[in-house]
Amino acid sequence: MLTGAFFLLAGCATGPSLENRGSVTAPPGDSRHLVIGSAGFTESDLLAQMYALLLRQAGYKTSMITVANRELYEPALESGQIDVVPEYAATFADWLNAKTHGADARPVGSPDLGTTMTALRELATPRGLTVLDPGRAVDQNAFAVSAAYAREHHLKTLGDLGRSGLAVRLAAGDECVQRPYCEPGLTKTYGIDVVAVDPKGVGTTQAKQAVQSGRDQMVLTTTTDATLDEFGLVLLEDDKHLQNADYIVPVVNRSRAGGEGVIKALGKLNDVLTTADLASLNRQVDSWRRLPEDVARTYLRDKGLLS
């Protein structure tokens, strides 16, 4: 599927030209055969499968395509070669902002969901894209410590860690020393004494093992990390909202999939899918080796969304 995706997208460069974007004021389309895109990692695959199943139940024919590069799948979404993709509100807002205003543009994603969604929709609409409402699930950067460390120092939040005065070695990516959500934010927002960044990547096995062994005290991961329990780790709550609002949102091509049928079908997921649910679904694929389509179908049936 991936190889075919690259052939399909080969002729797609930037989507609709700016002078042709007035057409987005036309009534939204309702194509009965929709292409669902996935970015090729577990969570994106699961979300794409759930979208496809919900749309099929609503009477649409669907096909799936995997394109692991946003630089390719976003223009394909604009041009209508892909009709629906799962995205992350703040990340996608910043990506479209950089595409529209240049790589040095000031980020528009923020910890506030309303502000982020407003900015995202303002950027997406001229490109012929409609951003549907976010649900309850959010996949954003998060920080974890060992459960034993948390118990010993009475830690439940990042604020607790800052007030503790403990010196912290942080297992993260190289970029952590510069990114505002990482070392600078932990220091400025929470007063955490980050004495070193151990460059082991974001949520990697090596990074988690470093915290498990006590070499490091904290690891940068994500809120839907499926393997924290395996390493005896627990997340600390981002109680001062340092991280951006990366809530999961479906993004659709307005002219093909912007109608009420798609909005209603995909909106059903908003009422049930939580961050904890998504972490559990990821675990079933990554740790239990179940197929994303099977996991997605079982979840939707259990929630009463599939007959």
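Residues numbered from 1 in each chain as written. Predicted model: local features only at pLDDT ≥ 70, side-chain atom pairs only at ≥ 80, totals over all residues. Heavy atoms only, no water.

### Overview of the overall build of the protein
Secondary structure assignment for the protein yields 13 helices and 10 strands. Taking 307 residues into account, the globule formula puts the C-alpha radius of gyration at 19 Å, and the protein, at 20 Å, falls close to it. Each of the three principal axes of the protein carries a C-alpha extent, and together these read 60 × 45 × 35 Å. Buried residues in the protein amount to 51% of all 307 residues. For the protein, the computed accessible surface area is about 14000 Å², with 51% contributed by carbon and sulfur atoms. (Helix = DSSP H or I, 4+ residues; strand = E, 2+ residues; numbered from the N terminus. Rg over C-alpha atoms; globule rule 2.2 N^0.38 Å. Buried < 20%, exposed > 50% of the residue type's maximum accessible area, 1.4 Å probe, protein only. Areas by Shrake-Rupley, 256 points an atom, 1.4 Å probe, with all protein chains shown as cover.)

### Description of the sheet that holds strand 5 (residues 141-146)
As summarised here, the arrangement of the five strands in space is 7-6-8-5-9, forming an open sheet in which the pairing is mixed. Looking at which strands have only one partner, the edges of the open sheet turn out to be strand 7 (193-199) and strand 9 (233-236). Averaged over all neighbouring strand pairs, the angle between strand axes comes to 40°, with direction disregarded. As paired strands, strand 5 and strand 9 are joined by four bridges and run antiparallel to one another. (Pairing = 2+ DSSP bridges. Axes fitted to C-alpha atoms, helices over the stretch in contact; angles between N-to-C directions.)

### Brief notes about the state of the cysteines
The final tally for this structure, using the stated rule, is one disulfide. Here C176 engages in a disulfide with C182; their sulfurs sit 1.9 Å apart. On the sign convention where negative is left-handed, the bridge of C176 and C182, at about -85° about the S-S bond, is left-handed. (Disulfide = S-S within 2.5 Å.)

### Points about the pattern of salt bridges
This structure, assessed with the given rule, holds 15 salt bridges. The partner of R127 in a salt bridge is E78, with the nearest N and O atoms 3.1 Å apart. Within this pair, whereas R127 is found in the loop between helix 5 (113-124) and strand 4 (129-131), its partner E78 is found in helix 3 (residues 70-79), the two being separated by 49 residues in sequence. Each of the two residues, R127 as well as E78, counts as buried. The shortest N-O distance in the salt bridge between R297 and E293 comes to 2.9 Å. (Salt bridge = Lys/Arg side-chain N within 4 Å of Asp/Glu carboxyl O.)

### Some words on the side chain of S146
Within the secondary structure, S146 sits in strand 5. A polar contact is formed between the side chain of S146 and the backbone nitrogen of Y149, at a distance of 3.0 Å. S146 has contacts with V211, G232, L233 and V234, leaving out every residue within four places of it along the chain. (Polar contact = N/O pair within 3.5 Å; in protein donor to acceptor, adjacent residues only side chain to side chain. Contact = heavy atoms within 4.5 Å.)

### A short note on the pairing of strand 2 (residues 61-66)
When strand 1 (residues 33-38) meets strand 2, the two strands line up parallel, connected through six bridges. Within strand 2, the position partnered with L34 by the bridge is T62. With respect to chirality, the unit in which strand 1 leads through helix 2 (residues 42-57) into the neighbouring parallel strand 2 is right-handed. (Right-handed = clockwise from strand over helix to strand, strands pointing away.)

### Here's the deal with helix 4 (residues 89-101)
For helix 4, built from 13 residues, the straight-helix expectation of 18 Å at 1.5 Å per residue is met to within 8% by its first-to-last C-alpha distance of 18 Å. Of all the residues in helix 4, the buried ones are A89, A90, F92, A93, W95, L96 and N97. Buried residues belonging to helix 4 abut helix 3, strand 3 (84-88), helix 5, strand 4 and strand 10 (248-253). Two residues or fewer after helix 4 comes G102, characterised by a positive phi angle close to 105°. (Expected span 1.5 Å × (residues − 1).)

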